[in-house]
Amino acid sequence: QQPVQSPQAVILREGEDAVINCSSSKALYSVHWYRQKHGEAPVFLMILLKGGEQKGHEKISASFNEKKQQSSLYLTASQLSYSGTYFCGTRVGSSNTGKLIFGQGTTLQVKP
Amino acid sequence: GAGVSQSPSNKVTEKGKDVELRCDPISGHTALYWYRQSLGQGLEFLIYFQGNSAPDKSGLPSDRFSAERTGGSVSTLTIQRTQQEDSAVYLCASSLYFRGGAVDTQYFGPGTRLTVL
């Protein structure tokens, strides 16, 4: 039931782009993206709902493909501050509340 | 405003001892979650409280783990007879609860790092 994230790790230079994928074997109701820096709490980035549109936050955006049960997080023109571990959290079925099942995380390192 | 707070920030205990971890959610948030994060791993769901409803305990790994939430606010996660494999960061999150389809956002606390010797 745990979603699968890919890649597990990525190293970028400042200004480069990256895509992080989150795939589930179950029909998803929503996908929640978080970023966690070392030693800190996960910080919310965005939620995508089934039937919803692509979301964006500055140079970070995400999409949700219901048919493929997959969400992708797009980081464009990456900055040093983007470094951290990115987690997708998913809710399955028709529930809009309750526990999130998180992927194993994708570690992103942005170098100068 | 104040975020989710957790205490203690670090806890070192001996195998076999009981520990209590505390979570203070954001004021007004009716939903509260506990997750566990082992070194280099993802977030593992433990338990979820929503208002006066029965908690979702489906993630508790054994009967040594229990949690309660008093007065719909503060929550305590208790681990009895701790084992070395219980060593992890325990994260608490809270959210507003919406009826009718809106989806909540979970806000995480800084976590309690538990080390069992």
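First, a word on what this report is: a plain description of the structure on this page. Throughout this description, residue numbers start from 1 for each chain and increase along the sequence as written. To label them, take the chains in the order written and letter them from A, then take the ligands in the order written and number them from 1. The predicted origin of the model limits local features to residues at a pLDDT of at least 70 and limits the giving and counting of side-chain atom pairs to 80 or more, whereas totals for whole chains, interfaces and linings rest on all residues. To obtain the side-chain values, all non-hydrogen atoms of the structure were used and water was disregarded.

## Some remarks on the pattern of salt bridges
Residues and elements named next belong to chain B.
Line of reasoning, step 1. By convention in these notes, a salt bridge is any Lys or Arg side-chain nitrogen within 4 Å of a carboxyl oxygen on Asp or Glu. According to the stated counting rule, one finds three salt bridges over all chains in the structure shown.
Line of reasoning, step 2. In this structure, Asp24 and Arg22 form a salt bridge, with 2.8 Å as the shortest nitrogen-oxygen distance.
Line of reasoning, step 3. Exposure is judged per residue with a 1.4 Å probe applied to protein chains only, and the accessible area is read against the type maximum: over 50% gives exposed, under 20% gives buried, and values in between give partly exposed. Residue classification places Arg22 among the partly exposed residues on the basis of a relative accessible area of 37%.
Line of reasoning, step 4. As a salt-bridge pair, Arg64 and Asp86 come within 2.8 Å of each other at their nearest N and O atoms. In this pair, Arg64 sits in the loop between strand E5 (43–50) and strand E6 (65–69) while Asp86 sits in the loop between strand E7 (75–79) and strand E8 (88–95), placing the two residues 22 residues apart along the sequence.
Line of reasoning, step 5. Judged by relative accessible area, Arg64 falls into the buried class, the value being 12%. Runs of H or I in DSSP of at least four residues are treated as helices and runs of E of at least two as strands, each being numbered from the N terminus.

## Side note on the packing of aromatic side chains
Line of reasoning, step 1. Any Phe, Tyr or Trp ring, taking Trp's six-membered ring, that has another such ring centre within 6.5 Å forms a pair; planes under 30 degrees apart are called stacked, those over 60 apart edge-to-face, and the others tilted. According to the stated counting rule, one finds nine aromatic pairs over all chains in the structure shown.
Line of reasoning, step 2. Ring centres of Tyr33 of chain B and Tyr48 of chain B lie 4.7 Å apart, and the angle between their planes is 15 degrees; on these two criteria the pair is classed as stacked. With Tyr33 of chain B in strand E4 (residues 31–37) and Tyr48 of chain B in strand E5, this pair connects stretches of sequence that are 15 residues apart.
Line of reasoning, step 3. Look at Tyr33 of chain B and you get buried, because its relative accessible area is 0%.
Line of reasoning, step 4. Overall, Tyr48 of chain B belongs to the buried group, its relative accessible area being 10%.
Line of reasoning, step 5. Among the aromatic side chains, those forming a connected cluster through ring pairs are Tyr34, Phe44 and Phe102 of chain A together with Tyr33, Tyr35, Phe45, Tyr48 and Phe108 of chain B.

## Description of the state of the cysteines
Line of reasoning, step 1. When two cysteine sulfur atoms lie within 2.5 Å, the pair is treated as a disulfide. Counting across every chain of the model gives two disulfides over all chains.
Line of reasoning, step 2. Note on cysteine connectivity: Cys22 of chain A is disulfide-linked to Cys88 of chain A, with sulfurs 2.0 Å apart. Torsion about the S-S bond of the Cys22 of chain A and Cys88 of chain A cystine: about 75 degrees, corresponding to right-handed handedness. Of this pair, Cys22 of chain A sits in strand E3 (residues 18–23) while Cys88 of chain A sits in strand E9 (residues 84–92), and the two are 66 residues apart along the sequence. As far as the burial class goes, Cys22 of chain A and Cys88 of chain A line up, both buried.
Line of reasoning, step 3. Across a sulfur-sulfur distance of 1.8 Å, Cys23 of chain B and Cys92 of chain B are joined as a disulfide pair. Across the S-S bond linking Cys23 of chain B and Cys92 of chain B, the dihedral sits near -65 degrees, which makes this disulfide left-handed.

## Looking at the interface of chain B and chain A
Line of reasoning, step 1. Contacts between chain B and chain A engage 22 residues on the former and 20 residues on the latter.
Line of reasoning, step 2. Defined in terms of a 1.4 Å probe, buried area is the accessible area two parts forfeit on being brought together, summed over both. Summed over both partners, the interface of chain B with chain A comes to about 1,600 Å²; 59% of that surface belongs to carbon and sulfur atoms.
Line of reasoning, step 3. For the interface between chain B and chain A, the tally reads zero salt bridges.
Line of reasoning, step 4. Definition of a polar contact: a pair of N or O atoms within 3.5 Å, with one able to donate and the other able to accept a hydrogen when the atoms are protein atoms, and with sequence-neighbouring residues admitted only if both atoms are side-chain atoms. Summed over the shared surface of chain B and chain A, the result is four residue pairs in polar contact (both at pLDDT 80 or more).
Line of reasoning, step 5. Looking at the side of chain B that touches chain A, the elements with two or more residues in it are E4 and E5 of chain B.
Line of reasoning, step 6. Residues of the side of chain B that touches chain A, tallied by class, amount to 12 nonpolar, eight polar and two charged. Whether two residues are in contact is decided by their heavy atoms, any of which lying within 4.5 Å being enough. For this scheme, ten residues count as nonpolar: Ala, Val, Leu, Ile, Met, Phe, Trp, Tyr, Cys and Pro. Four count as charged, namely Asp, Glu, Lys and Arg, and the remainder, Gly too, count as polar.

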